[in-house]
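# Remarks on the overall topology
Residues per chain are reported as follows:
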Amino acid sequence: MRVSSWTLLQRSEVRAWASAAPTCTVHGTLWVMSTERVVGVGAGAAGFDPAYERGGTGSGSELATTDMVLNIGPQHPATHGVLRLRLTLDGERIVGCEPIVGYMHRGAEKLFEVRDYRQIIVLANRHDWLSAFANELGVVLAVERMMGLEVPVRAIWLRTLLAELNRVLNHLMFLGSYPLELGAITPVFYAFRERETLQAVMEELSGGRMHYMFNRVGGLKEDLPYGWLGRASAASAAVRKRLPDIEDLILGNEIFRARTVGVGKLSPELIAQYGVSGPIARASGVDADLRRDEPYLAYDELLRDGVLRVVTRPDGDCFARFWVLLEQVKVSLDLVDACLDKLSSMPAGPVNVRLPKILKVPEGQTYAWTENPLGINGYYLVSRGDKTPWRLKLRSASFNNISALPALLPGTVIPDMIAILGSMFFVVGDIDK
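An unreviewed UniProt entry annotates the protein chain as NADH-quinone oxidoreductase subunit D of Kribbella antiqua. What the UniProt record of the protein chain gives under Subunit (unreviewed entry) is the line "NDH-1 is composed of 14 different subunits. Subunits NuoB, C, D, E, F, and G constitute the peripheral sector of the complex." Recorded in UniProt under Subcellular location (unreviewed entry), the annotation for the protein chain is "Cell membrane".

Inspection of the entire model under this criterion finds two cavities of 30 Å³ or more. Taken as a whole, the largest cavity holds about 60 Å³ of empty space. Lining the largest cavity we find Trp129, Leu130, Ala132, Asn166, Leu169, Asn170, Arg195, Gln199, Arg209, Met210 and Tyr212. For the lining of the largest cavity, the elements supplying multiple residues, two or more each, are α6 (153–181) and α7 (186–206). In terms of residue count, α6 provides more of the lining of the largest cavity than any other element does, three residues in total. Looking at the lining of the largest cavity, its residues break down into six nonpolar, three polar and two charged.

Below, the discussion takes up the packing of helix α8 (residues 228–250) against helix α14 (residues 318–344). Put simply, α8 and α14 touch, their axes get as near as 10 Å, and they point 165° apart. Taken as axis vectors, α8 and α14 run roughly antiparallel relative to one another. At the point where α8 passes α14, the crossing takes the left-handed sense. When α8 is examined against α14, the residues Leu229, Ala232, Ser233, Ser236, Val239, Arg240, Leu243, Glu247 and Ile250 are found in contact with a partner set consisting of Phe322, Leu326, Glu327, Val329, Lys330, Leu333, Asp334, Val336, Asp337, Leu340, Leu343 and Ser344. For the contact of α8 with α14, the per-class residue count stands at 12 nonpolar, three polar and six charged.

Moving on to α7. Over its 21 residues, α7 extends 30 Å from the first C-alpha to the last, a length consistent with the 30 Å expected when each residue adds 1.5 Å. Among all positions in α7, only Pro187, Val188, Ala191, Glu194, Arg195, Leu198, Gln199, Val201, Met202, Leu205 and Ser206 are buried. Looking at the buried side of α7, the elements it contacts are α6 and α8. Where α7 terminates, the next one or two residues include Gly207, which has phi positive at roughly 85°.

Reading the values: the criteria
- Residues numbered from 1 in each chain as written.
- Predicted model: local features only at pLDDT ≥ 70, side-chain atom pairs only at ≥ 80, totals over all residues.
- Heavy atoms only, no water.
- UniProt positions renumbered as here; feature names shortened; annotations may be inferred.
- 1 Å grid on protein atoms, 1.4 Å probe; cavity = no way out; pocket = protein on both sides within 12 Å on 5 of 7 lines; lining within 4 Å.
- Points joined across faces, edges and corners; volume = space filled by probe spheres on them.
- Helix = DSSP H or I, 4+ residues; strand = E, 2+ residues; numbered from the N terminus.
- Nonpolar A, V, L, I, M, F, W, Y, C, P; charged D, E, K, R; others polar.
- Axes fitted to C-alpha atoms, helices over the stretch in contact; angles between N-to-C directions.
- Parallel < 35°, antiparallel > 145°, perpendicular 65-115°, else oblique.
- Left-handed = near helix turned anticlockwise from the far one by under 90°.
- Contact = heavy atoms within 4.5 Å.
- Expected span 1.5 Å × (residues − 1).
- Buried < 20%, exposed > 50% of the residue type's maximum accessible area, 1.4 Å probe, protein only.

Shown next as structure tokens:
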């Protein structure tokens, strides 16, 4: 019996058709038939292979399979970030991946164009809400470069100090949340304990818990509260003392190592093709860090003093990415202590430059990039001499890091995909902007 293409058959009809192949068994209630074979089935059914019509034996090696499309996300729109991965699967193995972004796109770059240079800061610190201070910093550096402003020395060292504290806060979030995605719940409590210790001094200084709004064109909002340097030093020492708790808990765990070592290897060639940067790139042996390669703020002096070092690891797998993040926390704490020592010995002085009420940037263009916690963050500023930018293009780290997934995921299995995705350390707002 030959069945016309794409005909829906009830179970009784399938039995009649299958009688020509006595070795076949029929299961389930509904079959979707093509001219030669069953191409889709109802619940509980197993597919047919053309070999059955040719007198096949029906062994497992002869069963026809078709690729399945699986959506990872998007989650509920009320969550703070939504990413969707459209995976093509052959069984449990991934053969294709398409990241679909834009579910929380807020049009930040167009909003920049209708805000003056003071108002832009409140928008810029939100695309990566874990790196708010670093986001603000890139904007003000671009504007100051266009205006030829010279920022007070005290403000330069304070910016460096706060940028590194912000880096530690960012990394601690991922050091706690990544093991959570692999089934380990305890590390997140340790990580948040350290975050709260540092959040207390950042909140005391700026008045903001996540969106600090402490940078200003020409410097900072205000000087430090009385006794703040001592409290910041105590917070840094407390985090440094307790950091081995997280390290011992995770790095030596055999389950964590089994899920991460050798999984999701990202080659330096792929990193160069997709513009991956930050700790993810350095975990694949790419020795690149703007704080050293194109120093800004006080990083050139810290580099000369031997405090700043770039952490790399050649393996390029999930374990290497986690390890680099942990080591970078130690480096940032060294930089924090060096900045605190410098500020303690520095006489009191201004932390900003007096500017006119209406701030206009001279006509021209510039590109200011910084080493954000998640990678390179760049602002391309074009001005026509107005109080608002004609164009302000944002190059976010997370977008490029996620762009490498279509080349990284094929060949892996679903459980490894969870481990790989978590190790890419992205913030969805930084992707969608």
